[in-house]
Amino acid sequence: MSNHLKSCIADMNPSPLFHFFIFFIVFTIKSFSTSLISYSEHCHSYAPEATPTNRILTGFSLLERITSNYTDGQNILDQDPQWQRSIFFEATRNIFKTNVVDTYKMQAWLSFFQTYTGHPSNVTDIKSNNTRKMLVFYLDGFWSVSTSKLCMVGSARWSTKEGNPLILNAVLKLKFAQRVNLNNSLVSGILESLASPKDLDYFDPISMMGFPRVDPFRYSYTLVSNEECNVTITKTKTLQDSVANMKSLDVCLIFEQRFTTYKLEYLKNCKNCSLFGQDNGYLPTFMSLYGIQCSRQDNVIRFLVEFQDRRFTAYDQSFRPDISLIGEGTWNGREDELCIVACHILNQSDPLGSAHVGDCSIRLTFVVP
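Let me begin by describing the structure that accompanies this report. None of the values given here were measured: they were computed from a predicted structure. (Residues numbered from 1 in each chain as written. Predicted model: local features only at pLDDT ≥ 70, side-chain atom pairs only at ≥ 80, totals over all residues. Heavy atoms only, no water.)

Attention now goes to the sheet that holds strand β16 (residues 300-306). Judged by pairing direction, the sheet is antiparallel, and its 6 strands sit side by side in the order β14-β15-β16-β17-β18-β19 without closing on themselves. In this open sheet, the two edge strands, each paired with only one partner strand, are β14 (259-263) and β19 (356-367). Recorded for the sheet is a direction-independent mean angle of 30° between the axes of neighbouring strands. One ladder, built from 9 bridges, connects strand β18 (residues 337-346) with β19; its direction is antiparallel. By the bridge assignment, Leu346 is partnered in β19 with His356. (Pairing = 2+ DSSP bridges. Helix = DSSP H or I, 4+ residues; strand = E, 2+ residues; numbered from the N terminus. Axes fitted to C-alpha atoms, helices over the stretch in contact; angles between N-to-C directions.)

See below:
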């Protein structure tokens, strides 16, 4: 049940029976609207249907606000850059094994958030909550572990600019791996409207990608090690200082689930300094590190490296793939260095096909003074 519905019911202060009645109606409407959409027609060639058997008491998120991004969605999602955009995809606890060994039936919701970061045009906009928008799709489908493909169909409630109600029917296709390392850690896909382009309920395809946290046993650190840091940097610390710092510095506490922003300086007459192929001479002024997840036991961290200043942006603002790298970092206490192996996100315009993590030739070294 949505937070909005919960608040409305609380204000009315109904009886427990009324609570159950409202929940039952909402759940029935969601299930009914989804069941009207043919899964086999839209998904069979991508992730074939199977017969559900035993329920699994688990749930997980595949797209998270900070480490995910979406583009397009014209007709329903505002394209104005003054609107902060974020996305969240979460599988509910209604996950089932099926009669096919590596195929699971899933239910989930896919949420798009938009918050206006400019100045509201008037007081009415603030009171009517026109500075915030949320679109939620309720979805059903199947995930094939062997092919790393998920397909779901479902719908969302929306309205026209004139306030007329709409039901948006859509199909979601994602690709993601069960066992994750840096190279296959990208979750990417597309949400497509099932309406005709001439219909009021049609919207342009929405591309999405992200790097969610996963259970520690599902992620393998494969690229980074202390041997990756071969840069010789002059230090004034003694060995005793380094050992003491290694024991006291908690890199997980410093970086995990938060942004740390650095101002960049470049050598004079720096050539080929752009990491993203810009040919206009532009070089970013800031770099922000976000620790997606961390292993204290092994002193290693998954990093999102974004080349913009995140000190004054909303915390849950989506990252920008076009100016970001994804990497793994390790703390070398003896050398007082944090070393990161970073990779590009390639072929971003093809989320269901060739989009992937690659070109892991970048090394970042941070020295703790």
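Tallying each qualifying case throughout the model produces 5 salt bridges. A salt bridge links Asp309 to Arg311; the shortest N-O distance between them is 2.8 Å. The class for Asp309 is buried, based on a relative accessible area of 18%. Arg320 is the salt-bridge partner of Asp322, the closest N and O atoms lying 2.7 Å from each other. Judged by relative accessible area, Arg320 falls into the partly exposed class, the value being 39%. (Salt bridge = Lys/Arg side-chain N within 4 Å of Asp/Glu carboxyl O. Buried < 20%, exposed > 50% of the residue type's maximum accessible area, 1.4 Å probe, protein only.)

Turning next to the side chain of Gln293. Within the secondary structure, Gln293 is located in strand β15 (residues 286-295). Within the structure, the side chain of Gln293 is placed 3.0 Å from the backbone nitrogen of Val214, a separation counted as a polar contact. Those residues in contact with Gln293, other than ones at most four positions away along the chain, are Pro212, Arg213, Val214, Pro216, Tyr219, Tyr221, Glu256, Val300, Ile301 and Arg302. (Polar contact = N/O pair within 3.5 Å; in protein donor to acceptor, adjacent residues only side chain to side chain. Contact = heavy atoms within 4.5 Å.)

Take the environment of Asn181 next. Relative to the assigned elements, Asn181 resides in strand β10 (residues 180-181). Placed 147 residues apart in sequence, Asn181 and Glu328 show a C-alpha to C-alpha distance of 9.8 Å. Apart from the residues within four sequence positions on either side, Asn181 is in contact with Tyr219, Ser220 and Thr222.

Applying the stated criterion across every chain yields a total of 3 disulfides. Across a sulfur-sulfur distance of 2.0 Å, Cys43 and Cys151 are joined as a disulfide pair. Here Cys43 and Cys151 share a disulfide; its torsion about the S-S bond, -70°, makes the bridge left-handed. Placement of Cys43 in helix α3 (residues 39-43) and of Cys151 in strand β8 (residues 149-159) is noted, with a sequence separation of 108 residues between them. Given a relative accessible area of 0%, Cys43 falls into the buried group. Residue class for Cys151 comes out buried when judged on its relative accessible area of 0%. In this model Cys343 forms its disulfide with Cys360; the gap between the sulfur atoms is 2.1 Å. Taking the torsion about the sulfur-sulfur bond, which here is approximately 110°, the covalent link between Cys343 and Cys360 counts as right-handed. With a gap of 17 residues between them, Cys343 in strand β18 and Cys360 in strand β19 connect regions that are remote in the sequence. According to the relative accessible area criterion, Cys343 is buried, its value standing at 0%. (Disulfide = S-S within 2.5 Å.)

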